[in-house]
Amino acid sequence: MSNGTAYITGSCVIRQHQVYNNGVLRWQDTPGTALPEFLRNGYDHFSGQYPKFHKMDHLSRLGWLAAEVLLQAAEVEDHLPGQVAIVLSNRSTSLDTDARYYNTVKDIPSPALFVYTLPNIVIGEICIRHGFKGEHAFFTTEGFDAELVRSYAQLLLDTNAATACICGWVEVMDGAYEAALYFAERREVSGAPLFTVENVKKIYAGNMR
Amino acid sequence: MADLKSQIIAQLNLQEVKPEDIGNDQPLFKEGLGLDSIDALELIVLLQQHYNIRIANPEQGPEIFHSVRSMAEYITAHQKQQG
């Protein structure tokens, strides 16, 4: 059972061409911008200098971008690479990319698309970018399930499998997208909310850091 | 070779690279352009899609894909064979 002693020390929510960091709107694109252009513009705004970004599928780009924003403000360097876990979830797994790959099979199958036909690849891309080597898991659920991800992450923190965990939701399907990541740490951080289902729901709803 | 460079950039989605950034003899992998194993597969697809060339012997890969020049020479030689 969870002892509940973990804290949420950062968040990033991306939806409807807007990027929020710790509850504050950090950047927004022109309304109606299509997902590929939105992701490229967000990359140019927040990062750049990482050409591999352009080779990723949309799901990985979205998760990568959300992690980029999240970790620019989080003190992730205080944790050992092997102690940073990642637990993500979504509704459509990698179906958006699966369909794109399937379309190439009629001609010549695309190796570059094939490697993204698993949803957990987004976790790998985040790990490569930041050098994380901790535990990770990707769940597929009907909708945003605050308790599922929280309970798994809390288990990792409680059992000393990790000292910090990047958690959340990364969903892409047919041009629709939504990411809600948050950083949970076992150590107490002054002013940080407790890692509870209620607080995770508030982050997803955009009502809290 | 300019066309081939443009095809490589498009095939590999190298959005931050321009044709003039790629030297004719610059290694495509590792310390050169920094391509990886998935890129190598995409280069094989490029040859098949644009030039109808199928590489029968995978061991030829490192030689063919060493640089843009080696790719161009392989394509030219293959086209001459086809007559």
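Calculation rules
- The residue numbers shown here count from 1 along each chain, following its written sequence.
- Chains and ligands are labelled sequentially in the order written, the chains with letters from A and the ligands with numbers from 1.
- pLDDT decides what is reported in this predicted model: residues at 70 or higher carry local features, side-chain atom pairs at 80 or more are listed and counted, and totals for whole chains, interfaces and linings draw on all residues regardless.
- Neither water nor hydrogens contribute to the side-chain values; these are computed over all heavy atoms in the structure.
- For this analysis, a ring pair means two rings from Phe, Tyr or Trp (six-membered ring only for Trp) whose centres lie within 6.5 Å, classed as stacked if their planes differ by under 30 degrees, edge-to-face if by over 60, and tilted for the remaining angles.
- By definition, being over a ring means that NZ of Lys or CZ of Arg is both within 6 Å of the ring centre and within 35 degrees of the ring normal.
- Counted as salt bridges are all cases of a side-chain nitrogen of Lys or Arg within 4 Å of a carboxyl oxygen of Asp or Glu.
- Put simply, DSSP marks the helices as runs of H or I at least four residues long and the strands as runs of E at least two long, and each gets a number from the N terminus on.
- A 1.4 Å probe rolled over the protein chains alone gives each residue an accessible area, and that area as a share of the maximum for its type sets the label: buried under 20%, exposed over 50%, partly exposed in between.
- Pairs of residues are marked as contacts when any of their non-hydrogen atoms sit within 4.5 Å.
- For each structure, a 1 Å grid was placed over the protein atoms alone; sets of points admitting a 1.4 Å probe that cannot get out are labelled cavities, open sets with protein on both sides within 12 Å along at least five of seven lines are labelled pockets, and lining residues have an atom within 4 Å of a point.
- Grid points are joined across faces, edges and corners, and a volume is the space filled by probe spheres set on the points.
- Only the contacting stretch of a helix is used when fitting its axis, a line to C-alpha atoms as for every element, and angles between N-to-C directions run 0 to 180 degrees.
- Reported orientations rely on four angle classes, namely roughly parallel under 35 degrees, roughly antiparallel over 145, roughly perpendicular from 65 to 115, and oblique for the rest.
- Three residue categories are used. Nonpolar comprises Ala, Val, Leu, Ile, Met, Phe, Trp, Tyr, Cys and Pro, charged comprises Asp, Glu, Lys and Arg, and polar comprises the others, including Gly.
- DSSP bridges decide pairing: two strands pair if at least two such bridges lie between them.

A.B. asks: Would you mind showing me how to read the packing of aromatic side chains here?
C.D. replies: The way to describe two aromatic rings as a pair is by their centre distance and the angle between their planes. All chains considered together, the criterion is met by twelve aromatic pairs over all chains. Residue placement shows A:Arg15 over the ring face of A:Tyr204; its charged tip is 5.0 Å from the ring centre.

A.B. asks: When you look at the pattern of salt bridges in this model, what are you seeing that I'm missing?
C.D. replies: Side-chain pairs of opposite charge can arise whenever the charged atoms involved come near each other. Residue and element names in this part refer to chain A. Overall, the coordinates contain twelve salt bridges over all chains when judged by the stated rule. Ionic pairing is found between Arg187 and Glu75, a salt bridge with its closest N-O pair at 3.4 Å. Of this pair, Arg187 sits in the loop between β7 (176-185) and α7 (197-205) while Glu75 is found in the loop between α2 (58-73) and β4 (84-90), placing the two residues 112 residues apart along the sequence. Given the relative accessible area of 31%, Arg187 is considered partly exposed. Using a relative accessible area of 45% as the deciding quantity, one classes Glu75 as partly exposed. Close ionic contact of Asp78 with Arg187 constitutes a salt bridge, the shortest N to O distance being 3.1 Å. Of this pair, Asp78 sits in the loop between α2 and β4 while Arg187 sits in the loop between β7 and α7, placing them 109 residues apart in sequence. When salt bridges with common partners are traced through the structure, they connect Glu75, Asp78, Glu185 and Arg187 into a single cluster.

A.B. asks: Just checking my understanding: could you explain the side chain of B:Gln7 for this structure?
C.D. replies: Residues and elements named next belong to chain B. In this fold, Gln7 is placed in helix α1 (residues 2-12). Residue class for Gln7 comes out buried when judged on its relative accessible area of 18%. If we ignore the near neighbours within four places in the chain, the residues touching Gln7 are Leu46, His50 and Tyr51.

A.B. asks: Would you mind going over the layout of surface pockets with me for this structure?
C.D. replies: It is a probe the size of a water molecule, rolled over the atoms, that shows where empty space is left. Of the voids in this model, the largest pocket is the one considered here, and its volume is about 560 Å³. Taken together, 29 residues make up the lining of the largest pocket; nearest its centre are A:Lys55, A:Ser110, A:Ala112, A:Leu113 and B:Glu42. Per-element tally for the lining of the largest pocket: the top contributor is helix α2 (residues 37-51) of chain B, with five residues. In this structure, the second largest pocket occupies an estimated 180 Å³ of space.

A.B. asks: For this particular structure, what's the right way to read the packing of α1(B) against helix α4 (residues 68-82) of chain B?
C.D. replies: When two helices pack together, their arrangement is captured by the angle between the axes and the distance separating the axes. Residue and element names in this part refer to chain B. Running from amino to carboxyl end, α1 crosses α4 at an angle of 110°, the nearest separation of the two axes being 10 Å. Looking at the two axes, α1 sits roughly perpendicular to α4. Contacts between α1 and α4 involve Leu4, Lys5 and Ile8 from the first element and Val68, Met71, Ala72 and Ile75 from the second. Partitioning the contact of α1 with α4 into residue classes produces six nonpolar, no polar and one charged.

A.B. asks: Looking at this structure, how should I read the sheet that holds strand β6 (residues 164-173) of chain A?
C.D. replies: Working definition: the strands of a sheet are paired by backbone hydrogen bonds and lie parallel or antiparallel to each other. Residue and element names in this part refer to chain A. Read from one edge of the open sheet, seven strands run β3-β2-β1-β7-β6-β4-β5, paired in mixed fashion. The two strands at the open ends of the sheet, each matched to only one other strand, are β3 (24-28) and β5 (136-140). Strand after strand, the sheet turns through a mean of 15° between neighbouring axes, direction not considered. The pairing of β6 with β7 spans ten bridges and is classified as antiparallel. The partner of Cys165 across the bridge, within β7, is Ala184. Contacts between helix α5 (residues 121-130) and the sheet are confined to β4 and β5, with β4 contributing the most and set at about 150° to the helix. Contacts from α7 reach β1 (7-15), β6 and β7 within the one sheet, and its direction differs from that of β1 by about 30°.

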